[in-house]
Amino acid sequence: MTIAAVLFDVDGVLLDSTAAHRRVWNSWSVMRGLDPSLVWQLTFGRRPEDTVRDVAPHLDPSAERRVLDHLLSQEENGFPPVVGAAALLATLPGEGWAIVTSGDLKSVHQRFVAAGLPLPDVQVFAADVEQAKPAPDCFILAASRLGVDPSKCLVVEDAPAGVRAGKAAGCTVVGLTTTHSESALHEADLCVATLRDVGKLLASHGLLIEAAAATD
C-alpha cells in the first residue's frame, strides 16, 4: 500500500459532533412526529436532505434542511475536536490531506475555527457533488484536486456510508471507531480506535512532516 494523501471525514473523525447532532435530529424528529431512534440511524455520513427524503418523503428536503440548520446554529459549543486531531493535522504537509464532508462550507469553517483546527487547501463539501456518500464522487473529487490517484489515498471515516464511498472510489479506508463499532465498519480495510493510531499508520508510510509527533 502506497499512501500519498489522506482524506478525512469531518464529523466523528476530526470534530466530536455526535452529541450536538443527536440533539438536533431528536428535536427535529419530535417536531415532525417521527421516531428519533429510527431517524438517527439514517443520519451518519449523509447529507441531511438525503436523510429527510428517506424518513419523511412527504416533506420538502430543502425546507427541512433550513430547519435543521437553524437548530444546529444553536449548538455553538457542541463541536469540540476529536482527541488527537490538532496534533495529527499539525504534522501533515499542506498538500497531503483534504477534508471530505457531507456538511456545508460555512458551518464547517466556523467549527474548525472554534475548535482550533487548521483547514487544508482542498475541501470537498456536500454541495460540490451531485451524489453524496455512499457514492464515491466526493472522494474521487478530493483526490483529483490533490492531484493524487484515489488508489494512493487513505480515507479516514467513522460511518458505514463513508466507508462504502471510500472503497467505491478505490481508496484504502480506515474505519475510526468513534461512533460505530468495528463490526459496523467491516467494509473498511482496517479499523482503529484513535487518531493516534491513524498517525502511527501515516508515519509508517512517511506521510507526516514530523513522524515522531504522531508516535510520542
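A few points on the structure. (Residues numbered from 1 in each chain as written. Predicted model: local features only at pLDDT ≥ 70, side-chain atom pairs only at ≥ 80, totals over all residues. Heavy atoms only, no water.)

### So, the overall build of the chain
The helix and strand tally for the chain stands at ten helices and six strands. For 216 residues, the compact-globule estimate of 2.2 N^0.38 gives 17 Å, and the C-alpha radius of gyration of the chain, at 17 Å, lies within 12% of that figure. Structurally, the chain occupies a C-alpha span of about 50 × 35 × 30 Å along its principal axes. Put simply, the chain has 216 residues, and 52% of those count as buried. Of the contacts made within the chain by residues no fewer than 6 positions apart, 60% connect residues no fewer than 24 positions apart. Surface summary for the chain: the accessible area is close to 9600 Å², and the carbon and sulfur share equals 51%. The averaged location of the 27 negative side-chain charges in the chain is 2 Å from the averaged location of its 17 positive side-chain charges. (Helix = DSSP H or I, 4+ residues; strand = E, 2+ residues; numbered from the N terminus. Rg over C-alpha atoms; globule rule 2.2 N^0.38 Å. Buried < 20%, exposed > 50% of the residue type's maximum accessible area, 1.4 Å probe, protein only. Contact = heavy atoms within 4.5 Å. Areas by Shrake-Rupley, 256 points an atom, 1.4 Å probe, with all protein chains shown as cover. Lys, Arg positive; Asp, Glu negative; His and termini not counted. Charge placed at Lys NZ, Arg CZ, Asp CG, Glu CD.)

### Observations regarding the environment of Phe44
The residue Phe44 is located in the loop between α2 (36-40) and α3 (48-55) in this model. Owing to a relative accessible area of 16%, Phe44 belongs among the buried residues under this scheme. Phe44 sits 52 residues away from Gly96 along the chain, and the two C-alpha atoms are 26 Å apart. The contact partners of Phe44, leaving out residues within four places of it in the chain, are Ala159, Ala161, Thr179 and His180.

### Considerations on the pattern of salt bridges
Taken as a whole, this structure holds 13 salt bridges when the rule is applied. Between Arg47 and Asp50 there is a salt bridge whose closest N-O contact spans 3.3 Å. Judged by relative accessible area, which is 14%, Arg47 ranks as buried. Arg65 is paired through a salt bridge with Asp69; the nearest N and O atoms lie 2.9 Å apart. Here Arg65 and its partner Asp69 are both found in helix α4 (residues 61-73), four residues apart, which amounts to about one turn of the helix. Residue classification places Arg65 among the buried positions, given a relative accessible area of 12%. Judged by relative accessible area, which is 30%, Asp69 ranks as partly exposed. Here the salt bridges do not stand alone but share partners, grouping Glu49, Arg65, Asp69 and Asp104 into one network. (Salt bridge = Lys/Arg side-chain N within 4 Å of Asp/Glu carboxyl O.)

### Topic: the nonpolar core
Grouped together as the largest cluster of nonpolar side chains are 31 residues, with contacts concentrated most on Val6, Phe8, Leu14, Leu92, Leu195, Val198 and Leu202. Of all the secondary-structure elements, those providing two or more residues to this core are β1 (5-8), α5 (85-90), β2 (97-100), α6 (105-115), β4 (153-157), β5 (172-176) and α9 (195-204). With residues near it in sequence (within four places) discarded, Phe8 still touches Val13, Leu14, Leu88, Leu89, Leu92, Trp97, Ala98, Ile99, Val100 and Val156. Counting residues in hydrophobic clusters, the runner-up holds 22 residues, among them Val122, Cys138, Ala165 and Ala188. (Core = buried A, V, L, I, M, F, W, Y, C linked by side-chain atoms within 4.5 Å.)

### Examining the packing of α3 against α4
Running from N to C, α3 and α4 cross one another at 120 degrees; their axes reach a closest spacing of 9 Å. Relative to α4, the element α3 is oriented oblique. Of the two possible hands of crossing, α3 and α4 adopt the one that is right-handed. Contacts between α3 and α4 involve Pro48, Glu49, Val52 and Arg53 from the first element and Pro61, Glu64, Arg65 and Leu68 from the second. Split into classes, the residues belonging to the contact of α3 with α4 amount to four nonpolar, no polar and four charged. (Axes fitted to C-alpha atoms, helices over the stretch in contact; angles between N-to-C directions. Parallel < 35°, antiparallel > 145°, perpendicular 65-115°, else oblique. Left-handed = near helix turned anticlockwise from the far one by under 90°. Nonpolar A, V, L, I, M, F, W, Y, C, P; charged D, E, K, R; others polar.)

### Here's the deal with the environment of Glu64
For Glu64, the location among the structural elements is in helix α4. Taking C-alpha positions, Glu64 is 31 Å from Asp121, a pair spaced 57 residues apart along the chain. Contact partners of Glu64, with chain neighbours within four places excluded, come to Trp28, Arg32, Val52 and Leu59.

### Concerning unusual backbone geometry
In this model, Lys133 is joined to Pro134 through a cis peptide bond whose omega is 15 degrees. You can see Pro134 is positioned in the loop between β3 (122-124) and α7 (137-146).

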